[in-house]
Amino acid sequence: MYTYIQNVHEHIGEEITIRGWLYNRTDKGKLRFLLVRDGTGTIQAVVFKGNVDPEVFEAVDQTTQESSLTVTGTVKEDSRAPGGYEMDVSHCEIGQIAGEYPITPKDHGTAFLMENRHLWLRSSRQHAILRIRHEIIRAVRDFYDNNGFTLVDTPILTPAACEGTTTLFEIDYFGEKAYLSQSGQLYNEAACMSVGKTYCFGPTFRAEKSKTRRHLMEFSKVEPEVAWANLDDIMKLAEDFVSYVVQRVLEERKEELERIERDTTPLEKIEPPFPRISYSEAFVLLETEGTDTPRGSDFGAADETILSCSFDKPVIVHRYPRDIKAFYMQPDPEDSGSALCMDMLAPEGYGEIIGGSQRIHDVDLLLERIREHKLPVDAFKWYLDLRKYGTVPHSGFGMGIERVVSWICSLDHVRETIPFPRMLYRMYP
RNA sequence: UCCUCAGUAGCUCAAUUGGCAGAGCAUCCGGCUGUUAACCGGAGGGUUGUAGGUUCGAGUCCUACCUGAGGAGCCA
């Protein structure tokens, strides 16, 4: 019988056996302090020379960082042990003595850690981030599953661009050009006409040569799409959704947030309603801060940071100029120069996490926009069909998981939010 | 794609004006019964990113290239 480290507190006074890896070891005379991790936690195992067979003590002496081992001993509470519990070791079996491990408990540079990402994942901080990421993904699924949404998967291999603007990864599809999906939205629109409320959740690809703390070539996106919903409806959905996700992480991953030293007080404020400002109102604010960005163009990175830091909750910016937005966005009936769209900017300077809109439901207007953007009408035949057969207003948005993880964990860079980041100039490991 | 900065031991970094290539950690050996990134003593470990140039002499100055980091634009 083996015990997981997370359960040792249920076995005080009992002899248990754990299996894991040596995280760190310190020696003191006839004592060996083994810090052992097993994926569920870490515990200090104390080996006293007089308590074990001489050959066992000698074997323990040979262990290096990340050596695999099976440790048997009695659990006791001890204030001197990290975590409050430790094991008095009676026996220890070595699985493998690890070779010289590259990642030591000392400082390392970013390039070195990325080169060793497959090993870096074992570090306490990276382990905590992986667990928080998982909780965020679980919360995302639970939110939609519990609110009447049907998961409808959208394809990763696609024949055409969803938004003509961004760069796509092109691949050979039996002699035809295909692209890795940059959004499931168009397919979501088809799905929501079947199930009413749908969402897709999966990897998304962008071949943009972006080299910033907020960009990856491959990232996870969750995209809900709701039939009959207007812009206001999805702004409400977005704030309920983001609040739910944040509160779930606060409840379920307290220990991990503590381990990465995340100050949770800003997160505790994340509940509806969120501030909502129009693009024009946002510009009034930016101009008082002295922005150089001309009205009518999209916000620059500095502008986004200003807006993001101006509120202690995520801020929703809506009704951007039509010209800088995608072809499928419904024009504002009160101002045809604006689109019924919205972006949500996370606080603390993290910036855009959500982008969404009400979609054009009139077939003639949509056709006009496709032509205006010089997109191939043939490729959008099926998309136009959605407006021919019982069209209804509908809206949706997309949320980038990595940016949310980055914000909730208060990270410097999205590369730590995903196990194996695909970045400009780095696809190893 | 553009701008800025950086490449010295396995890792993190020193090296004065251009003048003997150095430390901590890691590794190996020895010591210690309460360590928390332990400590103490000892040892091994180098084509200073690559190619060329200036100089009596280059880690240091110049040129090109390579690699990486930070940022911009674009976006989630």
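Because the structure is a prediction, the values reported are computed rather than measured.

Enquirer: Which parts of the structure should I look at to understand the packing of aromatic side chains?
Expert: Two numbers describe a pair of aromatic rings. These are the distance of the centres and the angle of the planes. This model, assessed by the stated rule, comprises 19 aromatic pairs. Taking 4.8 Å as the distance between ring centres and 45 degrees as the angle between the ring planes, the aromatic pair formed by tyrosine 144 and phenylalanine 241 counts as tilted. Of this pair, tyrosine 144 sits in helix α4 (residues 124-145) while phenylalanine 241 sits in helix α6 (residues 231-252); the two residues are 97 residues apart in sequence, bridging distant segments of the chain. Assessed through its relative accessible area of 0%, tyrosine 144 is described here as buried. For phenylalanine 241, a relative accessible area of 0% gives the class buried. Geometrically, the ring pair formed by tyrosine 173 and phenylalanine 174 is edge-to-face, given 5.4 Å between the ring centres and 65 degrees between the ring planes. Members of the aromatic cluster, each reached through a chain of ring pairs, are Phe143, Tyr144, Phe149, Tyr199, Phe241, Tyr244 and Phe397. One Lys or Arg, arginine 19, reaches over the ring of tyrosine 2 and ends 3.7 Å from the middle of that ring. Cation over ring: lysine 325 sits above tyrosine 320, and NZ or CZ is 4.3 Å from the ring centre.

Enquirer: Got a minute to help me understand the nonpolar core in this structure?
Expert: Among soluble globular proteins, nonpolar side chains are generally buried collectively. With 47 residues, the main nonpolar core has Val140, Phe241, Val242, Trp407 and Ile408 as its most contacted residues. Those elements that provide at least two residues to this core are α4, β10 (197-205), β11 (218-227), α6, β16 (341-346), β17 (351-359), β18 (394-400) and α13 (401-409). Among the elements that make up this core, the one with the highest residue count is α6 (11 residues). For tryptophan 407, the residues in contact, after removing those within four places along its chain, are Val242, Val246, Arg262, Leu267, Ile270, Pro314, Ala346, Pro347, Glu348, Tyr350 and Ile353. In terms of nonpolar packing, the next biggest core, distinct from the first, is built from 27 residues, Tyr279, Tyr320, Cys341 and Tyr383 among them.

Enquirer: In this structure, what is going on with the layout of surface pockets? I would like to understand it.
Expert: A probe as big as a water molecule, rolled over the atoms, marks out the empty space that is left. Taken as a whole, the second largest pocket spans an internal volume of roughly 780 Å³. Lining the second largest pocket are 26 residues; nearest its centre among them are Thr40, Gly41, Thr42, Glu255 and Arg259. Of all the secondary structure elements, the ones that give two or more residues to the lining of the second largest pocket are β2 (31-37), β3 (42-48), α4 and α7 (254-259). Here the lining of the second largest pocket gets 4 residues from one element, more than from any other, and that element is α7. For the lining of the second largest pocket, the per-class residue count stands at 8 nonpolar, 9 polar and 9 charged. Two domains each put at least three residues into the lining of the second largest pocket: domain 1 (5-96) and domain 2 (117-416).

Enquirer: So what exactly am I meant to see when it comes to the sheet that holds strand β8 (residues 170-173) here?
Expert: Two orientations exist for strands paired in a sheet by backbone hydrogen bonds: parallel and antiparallel. Ordered by their spatial adjacency, 3 strands build an open sheet running β7-β9-β8, and the pairing between neighbours is antiparallel. Every interior strand has two partners, whereas the edge strands, β7 (157-158) and β8, have only one. As defined by bridge partners, β8 adjoins strand β9 (residues 176-180) across 4 bridges and the pair is classed as antiparallel. Pairing of aspartate 172 across the sheet is with lysine 177, part of β9.

Enquirer: Mind showing me how you'd approach the pairing of β11 here?
Expert: The side chains of a regular strand alternate, residue by residue, between the two faces of the sheet. Counting buried residues along β11, 9 of its 10 residues qualify, which places the element largely inside the surrounding structure. Here β10 pairs with β11 via 9 bridges, running antiparallel. For cysteine 200, the partnering residue across the bridge sits in β11 and is glutamate 223. Alignment of β11 against β18, held across 5 bridges, turns out to be antiparallel.

Enquirer: Please clarify how unusual backbone geometry should be interpreted in this entry.
Expert: Backbone geometry follows two general trends: most residues other than glycine have a negative phi, and most peptide bonds adopt the trans configuration. The omega torsion of the bond from proline 272 to proline 273 falls at 0 degrees, within 30 degrees of zero and hence cis. The step from tyrosine 428 to proline 429 runs through a cis peptide bond, and the omega angle for that step is 0 degrees. Looking at the element boundaries, proline 429 is found in the segment after α13. The phi angle at phenylalanine 174 is positive, at roughly 50 degrees, despite the residue not being glycine. Looking at where phenylalanine 174 falls in the secondary structure, it is placed in the loop between β8 and β9.

About the criteria used
- Residues numbered from 1 in each chain as written.
- Chains lettered and ligands numbered in written order.
- Predicted model: local features only at pLDDT ≥ 70, side-chain atom pairs only at ≥ 80, totals over all residues.
- Heavy atoms only, no water.
- Phe/Tyr/Trp six-rings, centres within 6.5 Å; stacked < 30°, edge-to-face > 60°.
- Helix = DSSP H or I, 4+ residues; strand = E, 2+ residues; numbered from the N terminus.
- Buried < 20%, exposed > 50% of the residue type's maximum accessible area, 1.4 Å probe, protein only.
- Lys NZ or Arg CZ within 6 Å of the ring centre and 35° of its normal.
- Core = buried A, V, L, I, M, F, W, Y, C linked by side-chain atoms within 4.5 Å.
- Contact = heavy atoms within 4.5 Å.
- 1 Å grid on protein atoms, 1.4 Å probe; cavity = no way out; pocket = protein on both sides within 12 Å on 5 of 7 lines; lining within 4 Å.
- Points joined across faces, edges and corners; volume = space filled by probe spheres on them.
- Nonpolar A, V, L, I, M, F, W, Y, C, P; charged D, E, K, R; others polar.
- Domains from an automatic or database assignment.
- Pairing = 2+ DSSP bridges.

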